[in-house]
Amino acid sequence: MTIRDDQYLIRCSLDGHSEAFGQLVCKYQDRLYNGLVQILRSESDAEDAVQDAFVLAFTKLESFKGNSQFFTWLYRIGYNVAISRIRRRKQTLSLSDSGERKFDFPDDGPAPSDRMEQGEDTRQLSAALDRLSEDHRSILVLREMEEMDYDAISEVLDLPVGTVRSRLHRARSALREELESIINRS
């Protein structure tokens, strides 16, 4: 499907044909999920965030102006949902800390059999990504995994293109430092 196909499906959705929006969901749900799982670092949180993003996109579809690609607009919604979830997670963590320092973190990592199948490089990269700030991880996911161009990243993150370039440079440097640190410890 092309951008024209997206525009057609959006028009059909706005005309009341919900199956047209269902086609947009089918087209973009895996791609959105893959991006959000990297930001949220949790498969279940990413699933919920994707669902929330599509519900919001459906309810706000008439506000889509077509100035960007539909996926860029959708990703911006998903990104905002993910960031809100991260903030709520941090608030819950700080509110539940009553001086006892007892935290219950779910293990959202891969199953043991999956860990054995993953290569060492993947483990090291994942560990390095986990150590990055939310801003650095997000911009790397958008550029390197989602393969968005600078203009699309600028739109998703609501930043000037120059800031995107400098933040991406700093994020790559931070990732390189984390990888070197992990490799040197191994």
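Read on for a plain summary of the structure. (Residues numbered from 1 in each chain as written. Predicted model: local features only at pLDDT ≥ 70, side-chain atom pairs only at ≥ 80, totals over all residues. Heavy atoms only, no water.)

A separate point is the overall build of the protein chain. Scanning the protein chain from terminus to terminus reveals nine helices and zero strands. Among the 186 residues that make up the protein chain, the fraction classed as buried is 37%. Pairs at least 24 apart in sequence give 65% of the contacts found in the protein chain among residues at least 6 apart. For the protein chain, the accessible surface area stands at approximately 11600 Å², while carbon and sulfur atoms represent 47% of it. (Helix = DSSP H or I, 4+ residues; strand = E, 2+ residues; numbered from the N terminus. Buried < 20%, exposed > 50% of the residue type's maximum accessible area, 1.4 Å probe, protein only. Contact = heavy atoms within 4.5 Å. Areas by Shrake-Rupley, 256 points an atom, 1.4 Å probe, with all protein chains shown as cover.)

The subject of this paragraph is the nonpolar core. Counting 51 residues, the largest nonpolar core has L32, L36, F70 and Y75 as the members making the most contacts within it. When residues of this core are traced back to their parent elements, those giving at least two are α1 (3–14), α2 (18–40), α3 (43–59), α4 (70–96), α6 (120–131), α7 (134–145), α8 (150–157) and α9 (161–185). Of all the elements, α4 adds the most residues to this core, at 11 residues. Not counting residues within four places of it along the chain, the set of residues in contact with F70 comprises D6, I10, F21, L24, Y28, L61 and F64. (Core = buried A, V, L, I, M, F, W, Y, C linked by side-chain atoms within 4.5 Å.)

What describes two packed helices is the angle between their axes and the distance between those same axes. Across the interface, α2 lies against α3 with an axial gap of 8 Å and an inter-helix angle of 140 degrees. If you check the angle between α2 and α3, you find them oblique. In this structure, α2 crosses over α3, and the sense of that crossing is right-handed. Residue-level contacts link F21, L24, V25, Y28, Q29, L32, Y33, L36, V37 and L40 of α2 to E43, D45, A46, E47, A49, V50, A53, F54, A57 and F58 of α3. (Axes fitted to C-alpha atoms, helices over the stretch in contact; angles between N-to-C directions. Parallel < 35°, antiparallel > 145°, perpendicular 65-115°, else oblique. Left-handed = near helix turned anticlockwise from the far one by under 90°.)

Estimates place the volume of the second largest pocket at around 180 Å³. Lining the second largest pocket, in full, are R31, S68, Q69, F71, T72, E146, E147, M148, D149, D151, A152 and E155. Going through the elements one at a time, α4 and α8 are the ones with two or more residues in the lining of the second largest pocket. At three residues, α8 tops the list of elements feeding residues into the lining of the second largest pocket. When grouped by side-chain class, the residues that make up the lining of the second largest pocket number three nonpolar, three polar and six charged. (1 Å grid on protein atoms, 1.4 Å probe; cavity = no way out; pocket = protein on both sides within 12 Å on 5 of 7 lines; lining within 4 Å. Points joined across faces, edges and corners; volume = space filled by probe spheres on them. Nonpolar A, V, L, I, M, F, W, Y, C, P; charged D, E, K, R; others polar.)

Structurally, A46 can be placed in helix α3. The exposure class assigned to A46 is buried, which follows from its relative accessible area of 0%. When the C-alpha positions of A46 and L32 are compared, they lie 8.8 Å apart, and in sequence the two are 14 residues distant. Among all residues touching A46, those that are not within four sequence positions of it are Y33, L36, V37 and L40.

A positive phi angle, close to 60 degrees, is found at R41, a residue other than glycine. On the secondary structure map, R41 appears in the loop between α2 and α3. Classification of R41 by relative accessible area gives partly exposed; the value is 23%. In this structure, E147 is a non-glycine residue whose phi angle is positive, near 55 degrees. Note that E147 resides in the loop between α7 and α8.

Before going further, it helps to examine the packing of α7 against α9. It is the contact of α7 with α9, at a shortest axis distance of 9 Å, that shows an interaxial angle of 105 degrees. By the angle between their axes, α7 is roughly perpendicular relative to α9. For the pair α7 and α9, contact is made by D135, H136, I139, L140, R143 and E144 and by V164, R167, L168, R170, A171, R172, A174 and L175, respectively.

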